[in-house]
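# Structural characterization, general
Chain by chain, the residues run as shown.
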Amino acid sequence: MSRRSMLATAGATLAGGALLLRGGAAHAQPSPAPTASPRAAAKAPARRDWLAPGMPGRDYQPVIVPNGAKLPWKVVDGVKVFHMVAEEVEHEFAPGLKATCWGYNGQVHGPAIEVVEGDRVRFYVTNRLPAPTTVHWHGLILPSGMDGVGGLNQKSIPPGETYRYEFTIKQTGTGMYHSHHDEMTQMALGMVGLFIMHPRRPVGPRVDRDFALMLHEWRIDPGAKRPDPNEMTDFNILTFNAKAFPGTEPLVVRKGDRVRIRLGNLSAMDHHPIHLHGYHFRVTETDAGRIPESAQFPETTVLVPVGSTRTFEFVADAPGDWAMHCHMTHHVMNQMGHDLPNLIGVKPGDLDAKVRTLLPGYMTMGQEGMGDMGDMGMAMPGNSIPMTGANGKYGYITMGGMFTILKVRERLDGEGDPGWYEAPAGTVAMEASLDELRKDGIDVAAPPRAEPGSPMSKLRG
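Residues numbered from 1 in each chain as written. Predicted model: local features only at pLDDT ≥ 70, side-chain atom pairs only at ≥ 80, totals over all residues. Heavy atoms only, no water.

## Side note on the side chain of Lys80
Examined against the element boundaries, Lys80 turns out to sit in strand β3 (residues 79-94). On the basis of relative accessibility, which here comes to 0%, the residue Lys80 falls in the buried class. Polar side-chain contacts of Lys80 include one of 2.6 Å to the side chain of Asp119. (Helix = DSSP H or I, 4+ residues; strand = E, 2+ residues; numbered from the N terminus. Buried < 20%, exposed > 50% of the residue type's maximum accessible area, 1.4 Å probe, protein only. Polar contact = N/O pair within 3.5 Å; in protein donor to acceptor, adjacent residues only side chain to side chain.)

Below is the structure:
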């Protein structure tokens with residue numbers, strides 16, 4: 001029996017008073033005027049195809065959304081009812097960088113939505129933006145009239161009006177939602193969110209920590225107050241859940257926990273290879289649902305294409321602070337690393353002194369790389385953040401953008417950040433002593449050596 005037929009059969013046996021939109025005639029539509037009965041505008045149900053609402057703690061374990069929020073709901077006549085408000089939002093990407101974005105319910109990105117396979121859901125969407133909008137339920141199986149493409153599936157929602165979407169959840173996994181009116185502008189300003197669909201009957205090992213992260217990219221020029229939706233290639237703020245490092249919250253787990261990490265990517269132009277240090281994991285889901293165990297494969301990096309979700313799981317058996325980040329190196333630096341000339345290897349000589357006669361305070365930078373630019377204490381342009389990072393336990397972390405930390409601990413005292421990992425003695429890389437070098441026959445002053453990698457290789461020297 002297929003999942004769809006299972007839901008239809010099960011739903012037909014259940015009593016309830018919720019309403020059903022006919023699949024072929026369902027359209028997102030304006031809510032009735034306050035004086036009219038809400039039920040008057042609904043279609044008579046042909047056949048109930050949903051189950052009793054799934055409840056947190058009983059039917060599913062809620063996800064954790066670092067730096068994020070969740071959309072609240074209530075049950076009305078057996079239907080989960082949500083209210084989304086599209087509006088301008090003042091959002092902080094990291095300490096020192098804020099922008100006026102567009103989002104939902106005061107959040108950028110929009111709050112994560114959690115439902116259960118077989119739920120009937122009803123979304124009221126109020127538009128408080130200065131432009132029309134819609135909501136597309138990305139990757140969900142639903143009637144065409146609920147798909148949210150402005151002009152194709154429905155009229156776009158004018159400013160000041162409220163439209164209603166209603167459908168039954170017929171799948172499991174990680175979906176997304178986003179505006180489908182003037183996508184280039186509205187998605188670039190932040191109108192995206194995650195849509196988590198828990199299985200009615202979970203398969204596979206139970207997870208202890210279930211994290212949900214949205215990947216996104218932005219162009220915010222230093223000093224600017226709004227993201228630039230016209231940018232096509234050179235994005236300078238890369239985010240997990242709309243936060244750039246050091247603004248990202250760590251993912252905190254207990255040793256031995258089974259961990260699930262869900263990743264959705266609604267960036268404008270870039271795929272993101274997300275790499276987790278210290279672990280091998282198995283990719284367990286795509287946006288079309290769970291991968292059979294026989295087809296799951298081990299990875300250390302998972303590529304999340306634009307418009308897709310990927311989910312992976314692992315057992316957190318190695319305590320420590322482990323980096324997780326996009327492996328596109330330009331995606332782990334912030335604004336001030338963009339549009340710079342290449343000065344690697346430049347020997348400025350007395351250039352700085354000469355230039356300072358015309359430009360006091362001038363200093364040539366970048367000839368040895370960019371790693372020390374974040375902690376030099378330079379004055380920053382207004383509303384901007386350094387190219388990289390923040391102070392860590394052992395010095396400055398030269399990463400920014402789409403970077404966060406998985407913190408695995410033997411014990412946890414609450415759900416907050418446990419601080420930096422205290423590594424056992426002898427397990428931290430440190431300066432080698434002369435005795436160690438001598439014992440292992442290492443002469444640091446000798447010419448470095450390498451051996452031919454193939455019979456045809458020729459080495460210098």
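On we go from here.
## Quick notes on the pattern of salt bridges
Enumeration according to the criterion identifies 28 salt bridges in this entry. Across the pair Asp234 and Arg219 runs a salt bridge whose closest N-O atoms are separated by 3.3 Å. With Asp234 in the loop between β11 (209-218) and β12 (237-240) and Arg219 in the loop between β11 and β12, this residue pair connects regions lying 15 residues apart in the sequence. The partly exposed category is assigned to Asp234, whose relative accessible area is 24%. The network of salt bridges with common partners includes Asp49, Arg120, Arg122, Arg164, Glu166 and Lys170. (Salt bridge = Lys/Arg side-chain N within 4 Å of Asp/Glu carboxyl O.)

## A short note on the pairing of strand β5 (residues 113-116)
Here β5 shows no split at all, with Ile113 and Val115 on one side and Glu114 and Val116 on the other all buried. Here β5 runs beside strand β10 (residues 192-198); their pairing, made up of four bridges, is parallel. What sits directly across from Ile113, in β10, is Phe195. (Pairing = 2+ DSSP bridges.)

## Here we look at the packing of aromatic side chains
Applying the stated criterion to the full structure yields 15 aromatic pairs. Summarising the aromatic geometry, the rings of Phe82 and Phe123 are spaced 4.5 Å apart at their centres and angled 20° between planes, so their arrangement reads as stacked. Of this pair, Phe82 sits in strand β3 while Phe123 is found in strand β6 (residues 120-127), placing the two residues 41 residues apart along the sequence. An identical accessibility class is assigned to Phe82 and Phe123; each is buried. Where Phe281 meets Phe312, the ring centres are 3.9 Å apart and the plane angle is 25°; that geometry is what we call stacked. Placement of the pair is Phe281 in strand β16 (residues 281-286) and Phe312 in strand β20 (residues 308-315), with a sequence separation of 31 residues. Note on Phe281: relative accessible area 2%, which makes it buried. A relative accessible area of 1% places Phe312 in the buried class. Its end group placed over the ring of Tyr394, Lys393 keeps NZ or CZ at 5.7 Å from the ring centre. (Phe/Tyr/Trp six-rings, centres within 6.5 Å; stacked < 30°, edge-to-face > 60°. Lys NZ or Arg CZ within 6 Å of the ring centre and 35° of its normal.)

## A word on the sheet that holds strand β9 (residues 173-178)
Taken together, the four strands give an open sheet; going across it, the order is β5-β10-β9-β7, and neighbouring strands pair in mixed fashion. Looking at which strands have only one partner, the edges of the open sheet turn out to be β5 and β7 (136-138). Each strand of the sheet is rotated relative to its neighbour by a mean of 25°, with strand direction disregarded. (Axes fitted to C-alpha atoms, helices over the stretch in contact; angles between N-to-C directions.)

## Some points on empty space enclosed by the protein
Once rolled over the atoms, a probe with the size of a water molecule shows which space is left empty. All chains considered together, the criterion is met by two cavities of 30 Å³ or more. Reported here for the second largest cavity is a volume of approximately 30 Å³. Counted by class, the lining of the second largest cavity contains four nonpolar, three polar and one charged residues. (1 Å grid on protein atoms, 1.4 Å probe; cavity = no way out; pocket = protein on both sides within 12 Å on 5 of 7 lines; lining within 4 Å. Points joined across faces, edges and corners; volume = space filled by probe spheres on them. Nonpolar A, V, L, I, M, F, W, Y, C, P; charged D, E, K, R; others polar.)

## Notes on the layout of surface pockets
As a volume, the largest pocket reaches approximately 570 Å³. Looking at the lining of the largest pocket, the elements that each hand over two or more residues are α1 (3-12), β10, β14 (258-265) and β17 (289-290). Here the residues of the lining of the largest pocket are counted per class, giving nine nonpolar, six polar and twelve charged. The computed volume of the second largest pocket comes to approximately 430 Å³. Lining of the second largest pocket is provided by 16 residues; of these, Asp321, Trp322, Ala323, Tyr394 and Ile397 occupy positions nearest its centre. When residues of the lining of the second largest pocket are traced back to their parent elements, those giving at least two are β21 (320-326), β23 (395-397) and β24 (403-409). With four residues, the top contributor of residues to the lining of the second largest pocket is β21. Its residues assigned to classes, the lining of the second largest pocket comprises nine nonpolar, five polar and two charged.

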